[in-house]
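# Structure at a glance
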Amino acid sequence: MKASYDAIIAGSGAAGLFCALRLPPSVSVLIITKKGLRDSDSFLAQGGIAALKSESDYPAFFEDTLRAGHYENDPEAVRLMISSSPAIIAELTALGVNFEKNGGALSYTREAAHSDSRVLHSADETGREITEKLLSAVLGKPNVTIAENTELLDIINLDGICRGAWVKFPRGETAPLGAGAVLLACGGVGGLFPRTTNFPHLTADAAAIALKHRVPLRDPAYIQIHPTTLYSEEPGRRFLLSESLRGEGALLLDASGRRFVDELLPRDLLTNAILARMKADGRPYVLLSAENLGVGKLASHFPHIYEKCKEAGYDLSREPAPVSPAQHYSMGGVKTDLSGRTSLPGLYAAGEAACNGAHGKNRLASNSLMEALVFSGRAAEALARYVETVDSVPFETIQKAAPPGDLTPFREKFLSLIAEKWADWL
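Since we're looking at a predicted model, the values are computed, not measured.

Moving on: the overall build of the chain. Helix and strand counts for the chain come out as 12 helices and 19 strands. Taken over C-alpha atoms, the radius of gyration comes to 21 Å for the chain, in line with the 22 Å a tight globule of 426 residues would show. Counting only C-alpha atoms, the chain reaches 70 × 45 × 40 Å along its principal axes. With 426 residues in all, the chain has 57% of them scored as buried. Within the chain, counting contacts between residues at least 6 apart in sequence, those at least 24 apart form 72% of the total. Surface summary for the chain: the accessible area is close to 16600 Å², and the carbon and sulfur share equals 50%. Treating the 44 positive side-chain charges of the chain as one cloud and the 50 negative ones as another, the clouds have centres 1 Å apart.

In structure tokens, the structure reads:
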């Protein structure tokens, strides 16, 4: 490992990997990841990736995204995300991503709050398929170094310019590393919630660092609860039962076995309906019934979910499974423009760590992977231009940077920003 790089990327999920892949070979890159390479939420994404399948679908896709976001989205961010999606799908396909097909044509499924079927998938592990192929491509780039179990402790802010990062290595030693630019792609905030679909090490690191350096956040309290995770009395991460199940016809039932809601409502509205039904029924879950899908479709289209539920004691082809809501995604994050720039020169953000306004107040299902790829790609272009022009700083100056300190007070400050709305979930 070198003492300085052109770019340091914090995070090995879809956003971090795609940015590294898009950076030119002349840019030296270090990817650091807090745990293992595959311990990112991108690998957990089940349902799929929403994409524009024809120009005629653009108005409806645009409106669906805005409606789900309660019209608080940035329209230009939405436009860029949707209009860029065909090129992103073509790039993923060229990398070997194996999307499901029907007679040779791409097979689209429907998810909640989409007015049409426009979600591409790879069985029920689309995130894993996409991120594995991105990782394979990045591992083949000679200009990229990857350090696992290496934690971002802080950025190095010298006279109002980001010049590198303090990192903690696997054995516990810390060191400053110089960089022309740093990309925060280190995920969301789910590790702060006791009931979450996220990995526990995703603890609002990007938000805490931003608060420490007075970099603005955008909509920090806009946090999404997923309506259907497998109910458990055990602590720890909840297993998500994809929206695609409901898109294909699975039903939500109350304690009496009656359907009580439109399963394809936007996530926030469906969550509220489930919570109300749980309270009325006096029990901490409702039932998700997928028997009507049949064992063939469950085993072929949802093999991972089907097997996980069987391991938990529920055969979805024969009986419903108990489900309850859990924290899932952060629409808010470090405020960026549409090329991943923050207010601090040299500091960029992408993926769930960032907020450019594409999702508004509530994310439309399966827009997360596409948003991460579109805007991390744009961040790569902006970052590459920036590092070509920024003046370098001698490493001796980097070594004299103030030590990182503890991010705990800034995580607490972040929690104070969301506590009023999420007190019952924290």
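Below, the discussion takes up the pairing of strand S15 (residues 286–289). Looking along a regular strand, one sees the side chains alternate between the two faces of the sheet. Of the two faces of S15, the one holding Val286 and Leu288 and the one holding Leu287 and Ser289 are both buried throughout. Where S15 and strand S16 (residues 321–330) come together, 3 bridges link them in antiparallel fashion. Residue pairing for S16: valine 286 is matched across the bridge by valine 323.

Before going further, it helps to examine the pattern of salt bridges. The final tally for this structure, using the stated rule, is 23 salt bridges. Across the pair aspartate 64 and arginine 118 runs a salt bridge, and its minimum N-O distance is 2.8 Å. Taken together, the positions of aspartate 64 in helix H2 (residues 58–68) and arginine 118 in the loop between strand S6 (108–109) and strand S7 (119–120) put the pair 54 residues apart, joining distant regions of the chain. With respect to burial, aspartate 64 and arginine 118 carry one shared label: buried. Residue arginine 258 is joined to aspartate 254 by a salt bridge in which the shortest nitrogen-to-oxygen separation is 3.8 Å. The class for aspartate 254 is buried, based on a relative accessible area of 4%. Counted as one network, the salt bridges with shared partners bring together Asp57, Glu63, Asp64, Arg67 and Arg118.

So, on to the sheet that holds strand S3 (residues 49–50). The strand order across the open sheet built from 3 strands is S3-S7-S6, with neighbouring strands paired in antiparallel fashion. Two strands in the sheet have a free side with no partner beyond their single neighbour: S3 and S6. Bridge count for S6 against S7 is 2 bridges, and the pairing is antiparallel. Looking at S7, one finds that threonine 109 is bridged to valine 119.

Here we come to the packing of H2 against helix H3 (residues 75–94). In contact at an axis separation of 10 Å, H2 and H3 are set at 130° when each is read in the N-to-C sense. Regarding the angle of H2 to H3, the classification is oblique. Crossing hand, H2 versus H3: right-handed. Contacts between H2 and H3 involve Tyr58, Phe61, Phe62, Thr65 and Leu66 on the former and, on the latter, Pro75, Val78, Arg79, Met81, Ile82 and Ser83. Looking at side-chain class alone, the contact of H2 with H3 contains 8 nonpolar, 2 polar and 1 charged residues.

Next up on the list: the packing of aromatic side chains. Scanning the entire structure with this criterion turns up 3 aromatic pairs. Arranged with centres 6.2 Å apart and planes meeting at 70°, the rings of tyrosine 348 and tyrosine 386 form a pair that is edge-to-face. Taken together, the positions of tyrosine 348 in strand S18 (residues 347–349) and tyrosine 386 in helix H10 (residues 368–389) put the pair 38 residues apart, joining distant regions of the chain. Accessibility assignment for this pair places tyrosine 348 and tyrosine 386 in one class, buried.

Strand order in the open sheet made by the 4 strands is S13-S16-S15-S14, with antiparallel pairing throughout. Every other strand in the sheet has two partners, leaving strand S13 (223–230) and strand S14 (251–253) as the edge strands with one partner each. Averaged over all adjacent pairs, the angle separating strand axes in this sheet is 45°, with direction ignored.

It helps to recall that an α-helix has 3.6 residues per turn; residues three or four apart then point in one direction. When you tally the buried positions in helix H1 (residues 14–22), you get 7 out of 9 residues, the bulk of the element. Residues of H1 that are buried include every one of Ala14, Ala15, Gly16, Leu17, Phe18, Cys19 and Ala20, and no others.

Here we take up the environment of leucine 230. Checked against the element boundaries, leucine 230 lands in strand S13. Under the relative-accessibility criterion, leucine 230 is labelled buried at 10%. When the C-alpha positions of leucine 230 and aspartate 424 are compared, they lie 20 Å apart, and in sequence the two are 194 residues distant. Once residues within four sequence positions are removed from consideration, leucine 230 is found in contact with Arg238, Phe239, Leu241, Cys309, Ala312, Tyr314, Ala321 and Pro322.

With that out of the way, let us pick up the nonpolar core. Leu23, Ile49, Leu92 and Leu183 are the most contacted members of the largest nonpolar core, which has 50 residues in total. Listing elements by their share of this core, those giving two or more residues are strand S1 (4–10), H1, strand S2 (29–32), H3, helix H4 (126–139), strand S11 (174–184) and H10. If one sorts the elements of this core by residue count, H10 sits on top with 13 residues. Other than its neighbours up to four places away in sequence, isoleucine 49 contacts Ile89, Leu92, Phe99, Arg118, Val119, Leu120, Thr126, Ile130, Ser366, Leu369, Met370 and Leu373. Grouped together as the second largest cluster of nonpolar side chains are 43 residues, Leu152, Cys162, Ala207 and Ile418 included.

As a further point, take the packing of H1 against H10. In the contact formed by H1 and H10, the axes pass within 8 Å of each other and the chain directions differ by 35°. For H1 against H10, the interelement crossing comes out right-handed. From H1, Ala14, Ala15, Phe18, Cys19 and Arg22 reach across to H10, where they touch Leu369, Ala372, Leu373, Ser376, Gly377, Ala380 and Glu381.

Right, let's get into helix H9 (residues 303–311). When H9 is considered as a whole, its buried residues turn out to be Ile305, Tyr306 and Cys309. One side of H9 carries all its buried residues, which in axial view fall inside an arc of 100°. In this structure, the buried side of H9 is in contact with S13, helix H6 (243–247) and helix H8 (294–301). At the exit of H9 stands glycine 313, carrying a positive phi of roughly 100°.

What counts as what
Residues numbered from 1 in each chain as written. Predicted model: local features only at pLDDT ≥ 70, side-chain atom pairs only at ≥ 80, totals over all residues. Heavy atoms only, no water. Helix = DSSP H or I, 4+ residues; strand = E, 2+ residues; numbered from the N terminus. Rg over C-alpha atoms; globule rule 2.2 N^0.38 Å. Buried < 20%, exposed > 50% of the residue type's maximum accessible area, 1.4 Å probe, protein only. Contact = heavy atoms within 4.5 Å. Areas by Shrake-Rupley, 256 points an atom, 1.4 Å probe, with all protein chains shown as cover. Lys, Arg positive; Asp, Glu negative; His and termini not counted. Charge placed at Lys NZ, Arg CZ, Asp CG, Glu CD. Pairing = 2+ DSSP bridges. Salt bridge = Lys/Arg side-chain N within 4 Å of Asp/Glu carboxyl O. Axes fitted to C-alpha atoms, helices over the stretch in contact; angles between N-to-C directions. Parallel < 35°, antiparallel > 145°, perpendicular 65-115°, else oblique. Left-handed = near helix turned anticlockwise from the far one by under 90°. Nonpolar A, V, L, I, M, F, W, Y, C, P; charged D, E, K, R; others polar. Phe/Tyr/Trp six-rings, centres within 6.5 Å; stacked < 30°, edge-to-face > 60°. Core = buried A, V, L, I, M, F, W, Y, C linked by side-chain atoms within 4.5 Å. Arc of directions from axis to C-beta.

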